[in-house]
Amino acid sequence: MMRALYWFREDLRLLDNPALTAMAQKADEAVFVFVIPSGPEWSQGEERMGDHRRRFMLESLADLDRELRGIGQQLRVLQGNPVECVLQTAKEWNCQAVFSQRCHTGEETQSAESISTMIPHHVVEGSTLVHPEDLPFAVEDLPEIFSRFRNKVEKRGLDIRPEFPIPKLPPPPQGMESTPFDPDGLQRLAGLPEDTMCFEGGALTGWKRLQHYFWGTHSLSSYKQTRNGMLGWDYSSKFSPWLAWGCMSPRSIYHAIRRYEEEEGSNESTYWLIFELLWRDYFRFVAMQHGNRIWHATGLKESARNPVSHHPLQWKAWCTGTTRSPFVNANMHELRLTGFMSNRGRQNVASYAIHDLGLDWRACAEWFEHWLIDFDPCSNTGNWLYVGGIGYDPRPQRKFDVDWQAERYDADGAYQSHWNRLGGIFPLDPDAVP
Ligand SMILES: Cc1cc2nc3c(=O)[nH]c(=O)nc-3n(C[C@H](O)[C@H](O)[C@H](O)COP(=O)(O)OP(=O)(O)OC[C@H]3O[C@@H](n4cnc5c(N)ncnc54)[C@H](O)[C@@H]3O)c2cc1C
């Protein structure tokens, strides 16, 4: 008789979850756990998480618990040091092994290793589109330019593994009872216009979003033309929050794109969403290759490209959306009020912070970490390094002319007037900026 503990981490889903499937194949009974970490060292910890991300996480956990209860299981949501909570629960319930999905950054990897020293811990890959073992090179030999990576990966056609169906899960140990996870504090910011984007966590809402974006509106078929938009729901997929929390896997999205192509036809746009998922993979492989080096002030380079002054007034202006650029300000207000910002916006505010204001990219990346619902340590850091010219990139500078960008991508000024007006109604107190 084998009793296992399954530790949910960045994989809040049952579908296409290889670690969960591995556990289900081995265990006769199982205990399911998620730990909300206490302490500033954890990116999933409440101290580093703003309200938007926290709400999305709690909704995702409630959805996962509901799904588990529907098949006779349950989720235990704990709070504390993740290593201690997992080991203590494993001991309390006499579990012989722990299973979890592999994470690829600092504290997350270390905590998995600490658990492995105390109890058999099966850590299984499951967060990328291309399985690391299917790369045509070793991760240490990752090409230093994205297009070279993509060409190599696509050389013989993308061969993506099939998705894992939801496994038949073992029951909980006898006598284990807990009340359904029903978190408090899920209020949204009151007073924003009705049509303001508001993401709701959980696999169910993620799949509804996909259904809407693919078959509901056919927006996927014009993604390549609209993806640089800034206002509204459908200029891009908005899958990032569900991907970051693992409510949906990139592989499931990939196979849904292929189904859509078979039914509705393929074009450059349907391919382009896969292309963007490869960007996501790329930054994950960069993190696997370089470990903690990705947090270094000079990134993957020997020296910084720009002088870093990190003047406190410039820093506060950037955070509060009171810089000289109305375009940057509008984006910073959107981030703070919704937990989201378009890719176009992110590139511009990042470039402005690094190249115009001389801010330290690490502080800016932490600001993103706090506010973004879709915060992902690999994608966030990878993109900041990229814009700063200190990651993998053939170009030494990625400086955007924000005025030119505003004219090009917000020609009628609708985006700027919308978010600058709301930023004025809901200002951020400069004293609240760290
Ligand atoms: C400075 C900066 C910081 C960023 N931080 C994050 C972050 O913390 N988390 C995050 O998920 N993305 C981050 N991005 C990447 C990108 O902006 C978002 O993934 C995208 O805006 C999310 O919207 P979407 O889901 O509608 O994207 P879509 O355009 O619909 O793309 C589909 C998916 O592809 C992936 N993707 C697209 N562009 C990128 C990219 N440049 N890098 C990595 N993956 C990409 C995402 O998973 C996204 O959900 C950052 C970009 C910049 C410039």
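Residues numbered from 1 in each chain as written. Predicted model: local features only at pLDDT ≥ 70, side-chain atom pairs only at ≥ 80, totals over all residues. Heavy atoms only, no water.

Re the overall build of the protein
Quick reminder of the rule: Helix and strand labels come from DSSP, where a helix needs a run of H or I of at least four residues and a strand needs a run of E of at least two; each type is numbered from the N terminus. The reference for a compact globule is 2.2 Å times residues^0.38; the radius of gyration itself is calculated from the C-alpha atoms. Residue burial is assigned from relative accessible area. The probe radius is 1.4 Å, only protein chains are included, and a residue is buried under 20% of its type maximum, exposed over 50%, and partly exposed in between. Here, two residues are considered to be in contact whenever any of their heavy atoms come within 4.5 Å of each other. We get accessible surface area from the Shrake-Rupley algorithm with a probe of 1.4 Å; when it comes to residues, only the shown protein chains can shield them. We treat Lys and Arg as the positive residues and Asp and Glu as the negative residues; His and chain ends play no part in the count. All charge positions are set by atom: Lys at NZ, Arg at CZ, Asp at CG, Glu at CD.
When helices and strands are counted, the protein shows 17 helices and five strands. Relative to the 2.2 N^0.38 estimate, which gives 22 Å for 434 residues, the radius of gyration of the protein is 22 Å and therefore close to what a compact globule would have. With respect to the principal axes defined by its C-alpha atoms, the protein has extents near 65 × 50 × 45 Å. Counting the 434 residues in the protein, one finds 59% classified as buried. The contacts of the protein with a sequence gap of at least 6 include a subset with a gap of at least 24, amounting to 78%. Of the roughly 18700 Å² that the protein leaves accessible, carbon and sulfur atoms contribute 49%. Across the protein, the 45 positively charged side chains and the 57 negatively charged ones have centroids separated by 4 Å.

Section: the site of the ligand
Applicable threshold: In this text, near means that some heavy atom of the residue lies within 4 Å of the molecule or strand in question. Any pair of nitrogen or oxygen atoms within 3.5 Å is treated as a polar contact; in protein, a donor-acceptor pairing is required on top of that, and neighbouring residues in sequence qualify only through side-chain atoms on both sides. Of the grid points, spaced at 1 Å and generated over the protein atoms alone, those admitting a 1.4 Å probe that cannot get out make up cavities, while open sets with protein on both sides within 12 Å along at least five of seven lines make up pockets; any residue with an atom within 4 Å of a point is treated as lining. Placement in a cavity or pocket follows one criterion, namely that more than half of the molecule's atoms lie within 2 Å of its grid points. In this count, Pro and Cys sit with the nonpolar residues alongside Ala, Val, Leu, Ile, Met, Phe, Trp and Tyr, while Asp, Glu, Lys and Arg are called charged and the others, Gly among them, polar. Domain extents, as shown, originate in an automatic or database domain assignment.
Contacts to the ligand come from 27 residues, most closely from Tyr223, Ser236, Ser237, Lys238 and Asn343. Contacts to the ligand include Arg346, whose side-chain N or O atom sits 3.5 Å from an oxygen atom. Measuring from a nitrogen atom of the ligand, one finds a side-chain N or O atom of Asn383 at 3.0 Å. In isolation the ligand exposes 810 Å². Once the protein is present, 96% of that is buried. Taken atom by atom, the bulk of the ligand overlaps the largest pocket. Elements supplying a minimum of two residues to the shell around the ligand: α8 (240–244), α10 (268–290), α13 (343–356) and α15 (377–388). If you tally residues by element for the shell around the ligand, the top one is α10, at five residues. Taken together, the residues that form the shell around the ligand break down as twelve nonpolar, nine polar and six charged. Residue-level mapping places the shell around the ligand at the junction of two domains, with at least three residues from each of domain 2 (203–291) and domain 3 (312–432).

A closer look at empty space enclosed by the protein
Counted only if it meets this: Grid points are joined across faces, edges and corners, and a volume is the space filled by probe spheres set on the points.
Overall, the coordinates contain four cavities of 30 Å³ or more when judged by the stated rule. In this structure, the largest cavity spans a volume of roughly 170 Å³. Lining of the largest cavity is provided by 20 residues; of these, Glu10, Gln44, Ala244, Trp245 and Phe375 occupy positions nearest its centre. Looking at the lining of the largest cavity, the elements that each hand over two or more residues are α8 and α10. Here the residues of the lining of the largest cavity are counted per class, giving seven nonpolar, seven polar and six charged. Space inside the second largest cavity adds up to approximately 100 Å³. Surrounding the second largest cavity, Trp7, Phe8, Arg9, Glu10, Val35, Pro37, Trp42, Gln44, Pro82, Cys103 and Glu108 form its lining.

Thoughts on the packing of aromatic side chains
Selection rule: Note on aromatic pairs: the rings of Phe, Tyr and Trp (six-membered ring only in Trp) are paired at centre separations within 6.5 Å, and the planes decide the class, stacked below 30 degrees, edge-to-face beyond 60, tilted for the rest.
Inspection of every chain in the model, using the stated rule, returns 34 aromatic pairs. Summarising the aromatic geometry, the rings of Phe146 and Phe149 are spaced 6.0 Å apart at their centres and angled 40° between planes, so their arrangement reads as tilted. Of this pair, Phe146 and Phe149 both sit in helix α5 (residues 146–154), three residues apart, which is roughly one turn of the helix. For Phe146, a relative accessible area of 7% puts it in the buried group. Exposure remark for Phe149: the relative accessible area of 0% places this residue in the buried category. Judged by centre distance (5.0 Å) and plane angle (45°), the ring pair of Phe149 and Tyr282 falls under tilted.

Regarding the pairing of strand β3 (residues 75–80)
Looking down a regular strand, the side chains alternate between one sheet face and the other. The condition is simple: At least two bridges found by DSSP between two strands is the condition for calling them paired.
The pairing of strand β2 (residues 29–37) with β3 spans six bridges and is classified as parallel. Bridge pairing in β3 places Ile36 opposite Gln79.

A word on the domain arrangement of the protein
The following threshold applies: Two parts placed together each lose some accessible area; with a 1.4 Å probe, that loss summed over both constitutes the buried area. For salt bridges, the criterion is a side-chain nitrogen of Lys or Arg within 4 Å of an Asp or Glu carboxyl oxygen.
Each assigned domain of the protein is listed with its residue range as follows: domain 1 (3–127), domain 2 (203–291) and domain 3 (312–432). Using C-alpha coordinates to define each centre, domain 2 is positioned 23 Å away from domain 3. In this complex, domain 2 contributes 19 residues to the contact, which on the side of domain 3 involves 22 residues. Taken together, the two surfaces of domain 2 and domain 3 that pack against each other cover about 1700 Å², and 65% of this comes from carbon and sulfur. Summed over the three residues of domain 2 that lose the most area to domain 3, namely Asn228, Met230 and Phe283, the buried surface amounts to 39% of that side. Linking domain 2 with domain 3 are one salt bridge, by the criterion used here. For the salt bridge of Asp376 with Arg284, the shortest nitrogen-to-oxygen distance reads 2.4 Å. Scanning the region where domain 2 abuts domain 3 turns up six residue pairs in polar contact (both at pLDDT 80 or more). Contributions of two or more residues to the side of domain 2 that touches domain 3 are made by α8 and α10. Top contributing element to the side of domain 2 that touches domain 3 by residue count: α10, with nine residues. Among the residues forming the side of domain 2 that touches domain 3, the class breakdown is eleven nonpolar, five polar and three charged.

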